[in-house]
Amino acid sequence: MNIKILETKEINIEDIIRLYKANEWSSAEKPDLLYKGLLNSETLITAWDDTKLVGLGNAISDGYLTVYYPHLLVLPEYQGKGIGKMICDKMQEKYRDFHMQMLTADGKSIDFYKKNGFERAGQTEPMWIYQGNEH
């Protein structure tokens, strides 16, 4: 397996939807908005096994102090092979010196993010207005 990690927005909607549906993310039900949102992100990191999209992560940032990582997905059959870490490492190349890097984690992703340097933000509680149903 030779995984390539790229910072690119040259990606087609079909590959994105396949990845999101495989992970049962509700945003796959809004394909046009998902696609536009990812392309409008400051940073989009993709992982490829030859020509197959196997993972992606995106970042929204003010460009100086704060970055938020809304999505990090890897195809289920590729999980546990270091691809998520490779995407995180690529994000860190760009954002490691930012004052605040934020994300929301649940389930088994909590341990993954802890292994990649994230920690609970003090006594804060994540809050949202959310239209999905998978959390």
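Higher on the page you've got the structure.
Rules of the game
- By convention here, each chain's residues receive numbers from 1 onward along its written sequence.
- Local features in a predicted model are, by the rule used here, given only for residues with pLDDT of at least 70; side-chain atom pairs are given and counted only at 80 or more, and totals for whole chains, interfaces and linings are based on all residues.
- The side-chain numbers reported here are obtained from all heavy atoms of the structure, hydrogens and water having been left aside.
- By definition, any uninterrupted DSSP run of H or I lasting at least four residues is a helix, any uninterrupted run of E lasting at least two residues is a strand, and each is numbered from the N terminus.
- Accessible area is worked out with a 1.4 Å probe on protein chains only. A residue is then buried under 20% of its type maximum, exposed over 50%, and partly exposed in between.
- Method for areas: the Shrake-Rupley scheme with a 1.4 Å probe, in which residue coverage is limited to the protein chains shown.
- Here the axes come from fitting lines to C-alpha atoms, over the contacting stretch only for helices, and the angles between their N-to-C directions go from 0 to 180 degrees.
- Orientation is classified from the angle alone, with under 35 degrees giving roughly parallel, over 145 giving roughly antiparallel, 65 to 115 giving roughly perpendicular, and any other angle giving oblique.
- In what follows, a contact means two residues having at least one pair of non-hydrogen atoms within 4.5 Å.
- Three classes are used, and their members are as follows: Ala, Val, Leu, Ile, Met, Phe, Trp, Tyr, Cys and Pro are nonpolar, Asp, Glu, Lys and Arg are charged, and the others, Gly among them, are polar.
- Multiplying one less than the number of residues by 1.5 Å gives the expected span of a helix.
- Here the arc refers to the directions that run from the helix axis out to each C-beta atom.
- Each polar contact in these results corresponds to two N or O atoms within 3.5 Å; when the atoms are within protein, one needs to be able to donate a hydrogen and the other to accept it, and residues that are neighboring in sequence are counted only if both atoms are side-chain atoms.
- Two rings from Phe, Tyr or Trp (for Trp, the six-membered ring) form a pair when their centres sit within 6.5 Å of each other. Planes less than 30 degrees apart are called stacked, planes more than 60 degrees apart edge-to-face, and all others tilted.
- To form a nonpolar core, buried Ala, Val, Leu, Ile, Met, Phe, Trp, Tyr and Cys residues must be joined to one another through side-chain atoms within 4.5 Å.
- Any carboxyl oxygen of Asp or Glu that lies within 4 Å of a side-chain nitrogen of Lys or Arg is treated as forming a salt bridge with it.

(A) Structural view of the overall build of the chain. Helix and strand counts for the chain stand at four helices and six strands. When its helices and strands are written in sequence order, the chain yields β-α-α-β-β-β-β-α-β-α. A principal-axis box enclosing the C-alpha atoms of the chain has dimensions of 40 × 30 × 30 Å. Taken over 135 residues, the chain has a buried fraction of 33%. Per element, the accessible surface of the chain, about 8,900 Å² overall, is 51% carbon and sulfur.

(B) Quick peek at the packing of helix α1 (residues 13–22) against helix α2 (residues 31–40). Taken N-terminus to C-terminus, the directions of α1 and α2 make an angle of 105 degrees; their axes are 10 Å apart at the nearest point. Between α1 and α2, the angle is such that the two are roughly perpendicular. Residues I13, I16, I17 and Y20 of α1 pack against P31, D32, L34, Y35 and L38 of α2. Looking at side-chain class alone, the contact of α1 with α2 contains eight nonpolar, no polar and one charged residues.

(C) Highlighting helix α3 (residues 83–95). In a regular helix each residue adds 1.5 Å, so 13 residues correspond to 18 Å; α3 covers 18 Å between its end C-alpha atoms and thus fits that length. Looking at α3, one finds that the buried residues are I83, G84, I87, C88, M91 and Y95. Take α3 and look down its axis: the buried residues cluster within an arc of 140 degrees, on one side only.

(D) Structural view of the side chain of N58. Mapped onto the elements, N58 comes out in strand β3 (residues 52–61). A distance of 2.9 Å separates polar atoms of two side chains, one belonging to N58 and the other to S41. A distance of 3.0 Å separates a polar atom in the side chain of N58 from the backbone nitrogen of H71. Residue contacts for N58: discarding those within four places in its chain leaves L38, S41, T43, L44, Y68, Y69, P70, H71 and M91.

(E) Seen up close, the packing of aromatic side chains. For the structure shown, the criterion picks out seven aromatic pairs. Consider the rings of Y20 and W25, whose centres lie 5.6 Å apart with planes at 85 degrees: the pair is edge-to-face. With a relative accessible area of 0%, Y20 lands in the buried category. For the ring pair Y113 and F118, a centre distance of 5.7 Å and an interplane angle of 80 degrees mean the geometry is edge-to-face. As far as burial versus exposure is concerned, Y113 and F118 are alike and both buried. A connected cluster of aromatic rings, assembled from ring pairs, spans Y69, Y95, F98, F112, Y113 and F118.

(F) Summary view of the nonpolar core. Counting residues in hydrophobic clusters, the biggest one holds 33 residues, and the most contacted among them are I16, Y20, L56 and I83. At the level of elements, β1 (3–7), α1, α2, β2 (43–49), β3, β5 (72–74) and α3 are the ones that each hand at least two residues to this core. The element that contributes the greatest number of residues to this core is α3, accounting for five residues. Setting aside its immediate chain neighbours within four residues, L56 contacts I11, I16, L19, Y20, L38, L44, I45, T46, H71, L72, L73 and I87.

(G) Up close: the pattern of salt bridges. Under the defined criterion, the tally for this structure stands at six salt bridges. Salt-bridge contacts for K90 lead to E93; the nearest nitrogen and oxygen are separated by 3.5 Å. Residue K90 and its partner E93 are both found in helix α3; the two are separated by three residues, about one turn of the helix. A residue is classified by how much of its surface remains accessible, and K90, at 28% relative accessible area, is partly exposed.

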